[in-house]
Amino acid sequence: MLLRIDHVGIACHNLEEKIAFYESVFGLKVVSREINEEQGVREAMLHVTDGPHGASYVQLLEPLHPDTPVGRFLAKRGEGVHHIGYGVADIAKALEEIGAKGVRLIDQRPRHGSMGASIAFLHPKDVGGVLTELVEAPRR
Ligand code: CMX
Ligand code: CO
């Protein structure tokens, strides 16, 4: 069901500072910068590699307000890995199958994610403490 690691989501206080760090230390390049009001984030996608089932990225996330998922995470735990996003071919089908196994779906239906993707989150309490995101990339 999982095709690839689409991205690792990393929470930070200052997006531009963290982009500069990933560019200078790892030589990554920003391929998209977006504000997602629904998710409460200002974010950047940095391309890592292309594989047979699509690309992988680092997603840097800065909260738009303290009272957002990433804002609360930063206040509680500080900067660091916030979630893992896995690529799937059919997100509606994946949600149905995963939900049927008793994993709580934060999103019953897909929402809008970075670069035109459809995304949905699974509850970290049902995934061993890992906030998990499913990503269906847009058709090219
Ligand atoms: N990873 C693992 N556990 C997490 C977590 C994370 N990122 N965020 C919160 N938790 C845990 C907390 O530690 C807490 O556990 P305890 O009760 O044992 O302390 C529990 O989940 C509830 O946390 P909370 O402080 O009440 O936090 P929220 O109200 O933010 O609820 C969650 C948590 C996962 C439901 C919420 O963050 C959410 O809906 N996330 C999905 C949306 C999102 O993260 N969007 C930003 C990224 C957008 C993108 O990738 O495009
Ligand atoms: Co993400």
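Let me begin by describing the structure that accompanies this report. (Residues numbered from 1 in each chain as written. Chains lettered and ligands numbered in written order. Predicted model: local features only at pLDDT ≥ 70, side-chain atom pairs only at ≥ 80, totals over all residues. Heavy atoms only, no water.)

### Describing the overall build of the chain
Okay, so step 1: Counting its secondary structure elements, the chain contains three helices and eight strands.
Okay, so step 2: Going from the N terminus to the C terminus, the chain shows its helices and strands as β-α-β-β-β-α-β-α-β-β-β.
Okay, so step 3: Radius of gyration (C-alpha) of the chain: 15 Å, near the 14 Å computed for a compact globule of 140 residues.
Okay, so step 4: Dimensions along the principal axes, computed over C-alpha positions, put the chain at roughly 40 × 35 × 25 Å.
Okay, so step 5: By residue count, 42% of the 140 residues in the chain fall in the buried class.
Okay, so step 6: Contacts in the chain between residues far apart in sequence, at least 24 positions, make up 55% of those at least 6 positions apart.
Okay, so step 7: Approximately 8,100 Å² of the chain is accessible, and the part contributed by carbon and sulfur atoms is 53%.
Okay, so step 8: Charge centroids of the chain, computed over 16 positive and 19 negative side chains, lie 4 Å from each other. (Helix = DSSP H or I, 4+ residues; strand = E, 2+ residues; numbered from the N terminus. Rg over C-alpha atoms; globule rule 2.2 N^0.38 Å. Buried < 20%, exposed > 50% of the residue type's maximum accessible area, 1.4 Å probe, protein only. Contact = heavy atoms within 4.5 Å. Areas by Shrake-Rupley, 256 points an atom, 1.4 Å probe, with all protein chains shown as cover. Lys, Arg positive; Asp, Glu negative; His and termini not counted. Charge placed at Lys NZ, Arg CZ, Asp CG, Glu CD.)

### Digging into the packing of aromatic side chains
Okay, so step 1: As enumerated under the stated definition, the model contains three aromatic pairs in all.
Okay, so step 2: With 5.6 Å between their ring centres and 75° between their planes, Phe 21 and Tyr 22 make a pair best called edge-to-face.
Okay, so step 3: Between the aromatic rings of Tyr 22 and Phe 26, the centroid separation amounts to 5.4 Å while the plane-to-plane angle is 45°, which identifies the pairing as tilted. In this pair, Tyr 22 and Phe 26 both sit in helix α1 (residues 15-26), four residues apart, roughly one turn of the helix. (Phe/Tyr/Trp six-rings, centres within 6.5 Å; stacked < 30°, edge-to-face > 60°.)

### Comments concerning the site of ligand 1
Okay, so step 1: Taken together, 19 residues lie near ligand 1, and Gln 39, Lys 76, Arg 77, His 82 and Lys 125 sit nearest.
Okay, so step 2: At a separation of 2.8 Å, an oxygen atom of ligand 1 approaches a polar side-chain atom of Lys 76.
Okay, so step 3: In the model, an oxygen atom of ligand 1 is placed 2.6 Å from a nitrogen or oxygen of the Lys 125 side chain.
Okay, so step 4: Across the complex, the protein chains shield 75% of the 970 Å² of accessible surface that ligand 1 would expose by itself.
Okay, so step 5: Elements represented by at least two residues in the shell around ligand 1 include exactly α2 (69-77), β5 (80-87) and β7 (118-122).
Okay, so step 6: Grouping the amino acids of the shell around ligand 1 by side-chain chemistry returns eight nonpolar, five polar and six charged. (Near = heavy atom within 4 Å. Polar contact = N/O pair within 3.5 Å; in protein donor to acceptor, adjacent residues only side chain to side chain. Nonpolar A, V, L, I, M, F, W, Y, C, P; charged D, E, K, R; others polar.)

### Describing the coordination of the cobalt ion (ligand 2)
Okay, so step 1: Here the cobalt ion (ligand 2) is held by His 7 (NE2), Gln 59 (OE1), His 83 (NE2) and Glu 133 (OE), and the distances to it run 2.1 Å.
Okay, so step 2: Linear spacing of the donor residues for the cobalt ion (ligand 2) on their chain is H-x51-Q-x23-H-x49-E. In this pair, His 83 is assigned in strand β5 and Glu 133 in strand β8 (residues 132-136), connecting sequence segments 50 residues apart. (Donors = N, O, S within 2.8 Å, 3.2 Å for Na, K, Ca; no water.)

### Some details on the pattern of salt bridges
Okay, so step 1: With the rule as written, the count across this model stands at nine salt bridges.
Okay, so step 2: Arg 111 is paired through a salt bridge with Glu 38; the nearest N and O atoms lie 2.6 Å apart. Remark: Glu 38 occurs in the loop between β2 (29-36) and β3 (41-51) and Arg 111 occurs in strand β6 (residues 111-112); sequence separation between them is 73 residues.
Okay, so step 3: Residue classification places Glu 38 among the partly exposed positions, given a relative accessible area of 48%.
Okay, so step 4: Among the charged side chains, a salt-bridge network with shared partners connects Glu 38, Asp 107 and Arg 111. (Salt bridge = Lys/Arg side-chain N within 4 Å of Asp/Glu carboxyl O.)

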